[in-house]
Amino acid sequence: MKKVWFFVLFWFLVFPVSVLAQQNAISLPEIVVTASRVEESETASAVTKITGEELQQKGITNVADALREVPGVMVTQYGFGGPASVFVRGGNNGQAVIMIDGVPVYDPSGTNKGDFSLFLPRLNVENIDRIEIVRGPQSVLYGSSAMTGVINIITKKGKAKPQTTGRLEGGSFNTFTETLGFSGTNESVSYNLNLQRFDSNGISKKPDEPDKDGYRFNNVGGSLTANINEKVEVGASFSYLDAEQGLDGGDDFEKSRLGFFQTYYKQTVSHFWQHTLKLAYTNTHRTYPTSFYDGDLYFLSWQHNFTILPYLKVVTGFDYQQEKTDTNSMDEKNQDEKAWFAEAIFKQENFYFNTGVRYDRHQTAGDKVTYRFAGAYFLPTQTKLHASFGTGFRAPSLYQLYGVCFGNNVGNPDLKPEKNQGYDAGLTQYLWQKRITLDVTYFFSRIKDMIDWVTTGPGQYLNVKEAHTQGVEISADIMPISWLKLSTNYTWLDAQDTTTNTWLPRRPKHKISSTLSLFWKEKADFSLTGIYFGKRFDSDNNPLGGYFIVNLAARYYPTSYLTLSLRVQNLLDRDYEEIKDYNAPPFMMFLGAEFKWGL
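Residues numbered from 1 in each chain as written. Predicted model: local features only at pLDDT ≥ 70, side-chain atom pairs only at ≥ 80, totals over all residues. Heavy atoms only, no water.

Participant: Sorry if this is basic, but what is going on with the overall build of the chain here?
Facilitator: Looking only at helices and strands, one finds five helices and 36 strands in the chain. A compact globule built from 599 residues would reach a C-alpha radius of gyration of about 25 Å, and the chain, at 24 Å, matches this within 12%. Overall, the chain is about 70 × 65 × 50 Å in size when its C-alpha atoms are taken along their principal axes. Taken across its 599 residues, the chain has 55% of its residues classed as buried. In the chain, once contacts between residues fewer than 6 apart in sequence are set aside, the share between residues at least 24 apart is 59%. Of the charged side chains in the chain, 59 are positive and 64 negative; the average position of the first set lies 5 Å away from that of the second. (Helix = DSSP H or I, 4+ residues; strand = E, 2+ residues; numbered from the N terminus. Rg over C-alpha atoms; globule rule 2.2 N^0.38 Å. Buried < 20%, exposed > 50% of the residue type's maximum accessible area, 1.4 Å probe, protein only. Contact = heavy atoms within 4.5 Å. Lys, Arg positive; Asp, Glu negative; His and termini not counted. Charge placed at Lys NZ, Arg CZ, Asp CG, Glu CD.)

Listed below in structure tokens is the structure:
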């Protein structure tokens, strides 16, 4: 209840100021779609957008590394190529939903609902147009698992005349990457296809195991979009991943496979009504020397966008999702959920407000209602005041409900869903004709009925925890001249298990990321990134020291069809661990060349 009063007080204080202000709206320069399920240039949510060009310019090669630089997001990985857990605003791994092209993706056979940790570091960034990260409870739009945020990976579409791209890169630990891409568009059809092969001898992930853990994968992804006429658009996208990595202490491998396909039909019925029907299927497969895990995820969405008035838009629709899992130790299980949602978006001059409600009927978690409201005022001083309040939930995973381990039933069919309430409030300031953008946001979240493994007897999953997280996100983007840019952000986090009065594991109190970029007359660019990850505790309360690493990337364009690249990870060769007893990558250097052919 205190969170609601905080939100009301915030608006009561800023409303008189905004009413007396001049009616000069400040438009955000970038379009985002994840914050409200429709394209918008204004939003009251805490949003970070990373473009595919930024990923290449910084030398980032996988999604997990991209998320390390986002305020409010912490990533920990089990060594080079291992699973990567994502903690958004102090929440657990899996409490922020990960999507591809607006479709939730995760491993239904995973321990936690929403877990995508094994596949996240292996997604091909060459096929990514942008990544949108929305922080704060988003269950009102995206259902279960969107408790602490949304990470939407939006794939590329063909945008220019036909072009073929080839890229070769090689470097430390006999690491080689080969990429081939095709893209193009005409008046009615656009296409994009990307193929990638990655091979590496790897490093020894465990300090006490001298053998290197080889790592390789194949990636294929693409999209096809067609405009049937002025009012109808159809499209599809797909991703396929096949990977394997050596296991410590022998010659055995962990093998994984991900298949994703989605198709949609979009129609503009009239000037005030547009609807989109979307169907998707995700398949995950993992094998180990003595076990296997299969998962299937089916998704359907029918969304309607109504422009009621020039300043009022209503978004409503229906989502359906079913997940299935089959393992060597557990019979095939499944669960589904149906949801109806509605959202109203009000925009007029210097005022923005949106509110929504969602009703979920979940097969095992029962009926759940979530809601959210958010708003922003744009002042004549080029200042944006923004705040939001929302609720969320996460249903138990199939393994947590029905899991079997070494012949013992460790699942608990009586588990309740995890629930949370969260709010944030902040200020965005634009200076010097928007060459400088500053943002400060405070957030708070309370999570109830957290599911955890209890080791009493044979062990079982129980709702045993409550937690609160709060923090401050500070970011600055400075581009004083066309060839120089500085981006920096800082996150202060307080993440407490209020049941035991202990710190939630693997979340540091302090995280800083800064990038200095130089651009030279469209002939070259240079990027230097520093990341500080503060002290924290591992899952067994083992202390982990903080670390600071530096990454470098540079590109040179001798001709319009050739790009030469250099990237260095862990430039200072720091020895550190993100997870106890798992080595993080040492100094690594890679050289590459990219060729382009136009038709």
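From this point, things continue past the structure.
Participant: I tried to follow the packing of aromatic side chains on my own but got confused; where do I start?
Facilitator: In this description, an aromatic ring pair is defined by two values, namely the gap between the centres and the angle between the planes. Counting across every chain of the model gives 24 aromatic pairs. Here F373 and F389 contribute two aromatic rings whose centre-to-centre distance is 5.7 Å and whose plane-to-plane angle is 40 degrees, an arrangement assigned as tilted. Taken as a pair, F373 in strand β19 (residues 366-379) and F389 in strand β20 (residues 383-394) lie far apart in primary sequence, 16 residues in all. Neither F373 nor F389 differs from the other in exposure class; each is buried. Ring plane angle 25 degrees and centroid distance 5.5 Å describe the contact between F533 and Y547, whose orientation is recorded as stacked. Taken together, the residues F533 in strand β29 (residues 524-533) and Y547 in strand β32 (residues 547-559) connect sequence positions 14 residues apart. Neither F533 nor Y547 differs from the other in exposure class; each is buried. (Phe/Tyr/Trp six-rings, centres within 6.5 Å; stacked < 30°, edge-to-face > 60°.)

Participant: Help me understand a nonpolar patch on the surface, please; the structure alone is not making it clear to me.
Facilitator: Taken together, L180, F182, V189, Y191, L193, L195, L224, F238, Y240 and F261 make up a surface patch of nonpolar side chains, about 770 Å² in accessible area. The element contributing the most residues to the nonpolar patch is strand β10 (residues 189-200), with four residues. In this structure, V189 sits in strand β10. Overall, the relative accessible area of 30% leaves V189 in the partly exposed class. (Patch = residues over 30% accessible without salt bridge, like charges linked within 9 Å, V, L, I, M, F, W, Y side chains within 5 Å. Areas by Shrake-Rupley, 256 points an atom, 1.4 Å probe, with all protein chains shown as cover. Salt bridge = Lys/Arg side-chain N within 4 Å of Asp/Glu carboxyl O.)

Participant: Can you walk me through the pattern of salt bridges in this structure?
Facilitator: Across all of its chains, the model carries 32 salt bridges by this definition. Its salt-bridge partner being R37, residue D319 comes within 3.0 Å of it at the nearest N-O pair. Here D319, found in strand β16 (residues 312-327), pairs with R37, found in the loop between α1 (2-20) and β1 (46-51); they are 282 residues apart in sequence, far enough to count as distant. The same class applies to D319 and to R37, which are both buried. Across the pair E473 and R135 runs a salt bridge, and its minimum N-O distance is 3.2 Å. Taken together, the positions of E473 in strand β25 (residues 460-481) and R135 in strand β6 (residues 128-135) put the pair 338 residues apart, joining distant regions of the chain.

Participant: Sorry, what's going on with the pairing of β32 here?
Facilitator: On a regular strand, one side chain projects to one face of the sheet and the next to the other, so that they alternate. Two strands pair when backbone bridges link them, and β29 and β32 are joined in this way by 10 bridges, in the antiparallel orientation. For F526, the partnering residue across the bridge sits in β32 and is A554. As paired strands, β32 and strand β33 (residues 562-569) are joined by six bridges and run antiparallel to one another. Directly across from R555, in β33, lies its bridge partner S565. (Pairing = 2+ DSSP bridges.)

Participant: Is there a simple way to explain the side chain of D296 in this structure?
Facilitator: Considering the arrangement of structural elements, one finds D296 in strand β15 (residues 291-309). Buried D296, no salt bridge; nearest opposite-charge side chain is K324, N-O distance 6.6 Å. A polar side-chain atom of D296 sits 2.4 Å from a polar atom in the side chain of Y281. (Polar contact = N/O pair within 3.5 Å; in protein donor to acceptor, adjacent residues only side chain to side chain.)

Participant: Got a minute to help me understand the environment of L438 in this structure?
Facilitator: Following the sequence through the fold, L438 ends up in strand β24 (residues 436-454). The class of L438 is partly exposed, set by a relative accessible area of 32%. Between the C-alpha atom of L438 and that of V32, which follows or precedes it by 406 residues, the distance is 19 Å. In this structure L438 touches L427, T428, Q429, L431, S475 and A476, once residues within four positions along its chain are discounted.

Participant: Help me out: how do you make sense of the pairing of β25 in this one?
Facilitator: Note that β24 and β25 share 17 bridges and pair antiparallel. Residue pairing for β25: M450 is matched across the bridge by K465. Sheet topology places β25 next to strand β26 (residues 484-497); 13 bridges connect them, and they run antiparallel. Note on β26: the bridge partner recorded for Q470 is D494. The hairpin turn running from β25 into β26, its antiparallel successor, is two residues long.

Participant: Quick question: what am I supposed to make of the side chain of S200 here?
Facilitator: Examined against the element boundaries, S200 turns out to sit in strand β10. Judged by relative accessible area, which is 3%, S200 ranks as buried. Dropping the residues within four chain positions of it, S200 is found in contact with F80, F173, N174, T175, G214 and Y215.

Participant: Can you help me understand unusual backbone geometry in this one?
Facilitator: Trans is the prevailing form of peptide bonds, just as negative phi is the prevailing case for residues other than glycine. The phi dihedral of E349 is positive, around 50 degrees, even though this residue is not glycine. Its place among the elements puts E349 in the loop between β17 (333-348) and β18 (351-362).

Participant: Looking at this model, I keep getting lost on the environment of E578. Mind explaining?
Facilitator: The residue E578 is located in strand β34 (residues 577-579) in this model. Given a relative accessible area of 6%, E578 falls into the buried group. Taking the C-alpha atoms as reference, E578 lies 5.4 Å from T76; in sequence the two are 502 residues apart. If sequence neighbours within four positions are ignored, E578 has contacts with R68, V75, T76, Q77, R536, L544 and Y547. Within the structure, the side chain of E578 is placed 2.5 Å from the side chain of R68, a separation counted as a polar contact. In terms of polar contacts, E578 uses its side chain to reach the backbone amide nitrogen of Q77, at 2.8 Å.

Participant: Where do I start with the sheet that holds strand β7 (residues 149-155) in this structure?
Facilitator: Backbone-to-backbone hydrogen bonds join strands into a sheet, with any given pair of strands oriented parallel or antiparallel. Spatial strand order, β1-β6-β7-β4-β5: five strands in an open sheet with mixed pairing. Lying at the two open borders of the sheet, with one neighbouring strand each, are β1 and β5 (103-104). Direction of pairing for β1 relative to β6: antiparallel, over a ladder of six bridges. Directly across from K49, in β6, lies its bridge partner E132.

Participant: What is the right way to look at the confidence of the model for the chain in this model?
Facilitator: Detailed conclusions should not be drawn from predicted coordinates in areas where pLDDT is low. With 94% of its residues at a pLDDT of 70 or more, the chain has an overall mean of 91. For the stretch residues 1-29, pLDDT sits under 50, and the model shows 56 contacts to residues farther than four places along the chain or on other chains. (pLDDT = per-residue confidence, 0-100.)

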